[in-house]
Amino acid sequence: MDPVTRLGVVGCGLMGSGIAEVAARHGIDVRVAEATPDAVEAGRRRLTASLDEGVRRGKLGEEQRDQALARLSFSHDLSDLADRQFVIEAVAENRDIKTDVLRALDKVVEDPAAILATNTSSIPIVDLAVATERPAQLIGMHFFNPVPVQQLVEVIPALTTSQETVQRTRDVVQRLGKQAIQAADRSGFVVNALLVPYLLSAVRMVESGSARPDDIDRGMELGCAHPMGPLRLLDLIGLDTAQAVAESMYEEFKEPLYAPPALLRRMVAAGHLGRKSGRGFYTYDG
Ligand SMILES: CC(=O)CC(=O)SCCNC(=O)CCNC(=O)[C@H](O)C(C)(C)COP(=O)(O)OP(=O)(O)OC[C@H]1O[C@@H](n2cnc3c(N)ncnc32)[C@H](O)[C@@H]1OP(=O)(O)O
Ligand SMILES: NC(=O)C1=CN([C@@H]2O[C@H](COP(=O)(O)OP(=O)(O)OC[C@H]3O[C@@H](n4cnc5c(N)ncnc54)[C@H](OP(=O)(O)O)[C@@H]3O)[C@@H](O)[C@H]2O)C=CC1
């Protein structure tokens, strides 16, 4: 089968913009679809700023940045992804939104052999697969934040996913310069199953008044050499996304450790979503 040269990405938020950036940097023609013209412009700005940051940090040259930008196109019309061979869905962590987007993609993408991958953090892959007419070609492809920096992609076949789809997805991971691990289709896969209870425990520690956010974070940064403590990491992930992930995991396992703490729910209700809204456990400029 031909290697993937035409990739689609749906959703250009924190993750979609990172996935599109990395693919374009690795020589792939990438078309990004967002829901509205305003969201397209916000996504384009986010992606361009990250490429500029890569240049500033010496990760790529100005010419490479410009070549990556030339490989990227943007649209607010999903049907512009019709000619794609492989599409990665990275819209909000909401089962209904993802189901609608994947069903629409299934109809729009012309090549019956094309693969639809979802970047969901916690929604069962099989539920999304059977919502489409191509359950053998739907797979979980879970990137990590920030995508240009983190090396891992979890590859998650559903019970319906074909072995050919798994292999083709692994080939794309390699093409993007990332490393794959394979995980079973259980909510949270490998990494979030371990990470989320830890993050939620830190929120409960703040909630109970046992320690302040900065002390908890410095504890894990200085005591365990984590690059960032759990509350700074929650602010990076987005508290709305973290809540949605915890809810899916709790729905699947009914395990109290996965239940979103009241403080997390209150912060999301208040719009304190972390870095992306300028305020979470900490405040951010710009
Ligand atoms: C919720 C889910 O479903 C799953 C998830 O994603 S969970 C979240 C997983 N992510 C994490 O755990 C992130 C943990 N934090 C980190 O790794 C780091 O704190 C961070 C990368 C986010 C920020 O790093 P930073 O403060 O900028 O530290 P810094 O040491 O300067 O940068 C780290 C590296 O990233 C590179 N980098 C940073 N921004 C970059 C960019 N835009 N483009 C390219 N490279 C970049 C830096 O150059 C540096 O590379 P070297 O190590 O080769 O020098
Ligand atoms: N944040 C993280 O650390 C990680 C997240 N993930 C997963 O990645 C996915 C995306 O998360 P993240 O990028 O953080 O979320 P964001 O909220 O940053 O981005 C989601 C994007 O999807 C867009 N969107 C919503 N509905 C549609 C639609 N119908 N068509 C096209 N675009 C749409 C949103 O646009 P608008 O803003 O206009 O609504 C927004 O730009 C989730 O499934 C999440 O679980 C995976 C790994 C890590």
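The preceding data block contains the structure.
This text gives an overview of the structure that appears in the document. (Residues numbered from 1 in each chain as written. Chains lettered and ligands numbered in written order. Predicted model: local features only at pLDDT ≥ 70, side-chain atom pairs only at ≥ 80, totals over all residues. Heavy atoms only, no water.)

With that settled, consider the overall build of the protein chain. What the protein chain contains, in helices and strands, is 11 helices and eight strands. Expressed as a percentage of its 286 residues, the buried residues of the protein chain come to 48%. Look at the contacts in the protein chain between residues 6 or more apart in sequence, and 68% of them connect residues 24 or more apart. Surface summary for the protein chain: the accessible area is close to 13,300 Å², and the carbon and sulfur share equals 52%. Looking at the protein chain, you have 32 positive and 39 negative side-chain charges, and the mean spots of the two groups are 4 Å apart. (Helix = DSSP H or I, 4+ residues; strand = E, 2+ residues; numbered from the N terminus. Buried < 20%, exposed > 50% of the residue type's maximum accessible area, 1.4 Å probe, protein only. Contact = heavy atoms within 4.5 Å. Areas by Shrake-Rupley, 256 points an atom, 1.4 Å probe, with all protein chains shown as cover. Lys, Arg positive; Asp, Glu negative; His and termini not counted. Charge placed at Lys NZ, Arg CZ, Asp CG, Glu CD.)

What follows covers the site of ligand 2. Taken together, 25 residues lie near ligand 2, and Glu34, Glu93, Lys98, Ser121 and Ile237 sit nearest. In this structure, an oxygen atom belonging to ligand 2 sits 3.0 Å away from a main-chain N or O atom of Leu14. Between ligand 2 and Glu93 there is a distance of 2.5 Å, counted from an oxygen atom to a side-chain nitrogen or oxygen. Here ligand 2, which alone exposes 890 Å², has 78% of that area covered by the protein. Elements with a minimum of two residues in the shell around ligand 2: α1 (14-25), α4 (95-108) and β6 (138-143). If you tally residues by element for the shell around ligand 2, the top one is α4, at three residues. Considered class by class, the residues forming the shell around ligand 2 number 13 nonpolar, eight polar and four charged. Looking at which domains feed residues into the shell around ligand 2, each of domain 1 (6-182) and domain 2 (191-277) gives three or more. (Near = heavy atom within 4 Å. Polar contact = N/O pair within 3.5 Å; in protein donor to acceptor, adjacent residues only side chain to side chain. Nonpolar A, V, L, I, M, F, W, Y, C, P; charged D, E, K, R; others polar. Domains from an automatic or database assignment.)

A cis geometry characterises the amide bond from Asn145 onward to Pro146, with omega recorded as 0°. With respect to the helices and strands, Pro146 occurs in the loop between β6 and β7 (152-157). Phi is positive for Ala225, close to 60°, though the residue is something other than glycine. With respect to the element layout, Ala225 can be found in the loop between α8 (213-224) and α9 (230-237).

Before going further, it helps to examine helix α7 (residues 191-207). When the terminal C-alpha atoms of α7 are compared, their 24 Å separation across 17 residues agrees well with the 24 Å that a helix rising 1.5 Å per residue should span. Those residues of α7 that fall on the buried side of the exposure criterion are Asn192, Ala193, Val196, Pro197, Leu199, Leu200, Ala202, Val203 and Val206. The secondary structure elements touched by the buried residues of α7 are β6, α8, α9, α10 (239-253) and α11 (262-269). (Expected span 1.5 Å × (residues − 1).)

The next subject is the pattern of salt bridges. Applying the stated rule across the entire model yields 20 salt bridges. Close ionic contact of Glu251 with Arg95 constitutes a salt bridge, the shortest N to O distance being 3.8 Å. Note that Glu251 is positioned in helix α10 and Arg95 in helix α4, a separation of 156 residues in sequence. Here Glu251 falls in the partly exposed class, since its relative accessible area comes to 49%. For the salt bridge of Arg265 with Glu247, the shortest nitrogen-to-oxygen distance reads 2.9 Å. Taken together, the positions of Arg265 in helix α11 and Glu247 in helix α10 put the pair 18 residues apart, joining distant regions of the chain. The exposure class assigned to Arg265 is partly exposed, which follows from its relative accessible area of 33%. Through salt bridges with shared partners, one network takes in Asp29, Arg31, Asp83 and Arg84. (Salt bridge = Lys/Arg side-chain N within 4 Å of Asp/Glu carboxyl O.)

So, about the sheet that holds strand β1 (residues 6-10). Spatially, the eight strands line up as an open sheet ordered β3-β2-β1-β4-β5-β6-β7-β8, and their pairing is mixed. With partners counted over all chains shown, the strands left at the sheet margins are β3 (72-75) and β8 (179-182), one partner each. If you compare each strand with its neighbour and ignore which way they point, the axes differ by 25° on average. One ladder, built from four bridges, connects β7 with β8; its direction is parallel. (Pairing = 2+ DSSP bridges. Axes fitted to C-alpha atoms, helices over the stretch in contact; angles between N-to-C directions.)

What follows deals with the site of ligand 1. Neighbouring residues of ligand 1: 19 residues in total, closest Arg57, Lys59, Ser121, His142 and Asn145. His142 is positioned with one of its side-chain polar atoms (N or O) 2.8 Å from an oxygen atom of ligand 1. Take Asn192: an N or O atom from its side chain is 2.9 Å from an oxygen atom of ligand 1. Contact with the protein chains covers 65% of the free accessible surface of ligand 1, which is 1,100 Å². The set of elements that each furnish at least two residues to the shell around ligand 1 consists of α2 (37-56), α7 and α9. Top contributing element to the shell around ligand 1 by residue count: α2, with three residues.

Shape is all these values report; function is a separate question.
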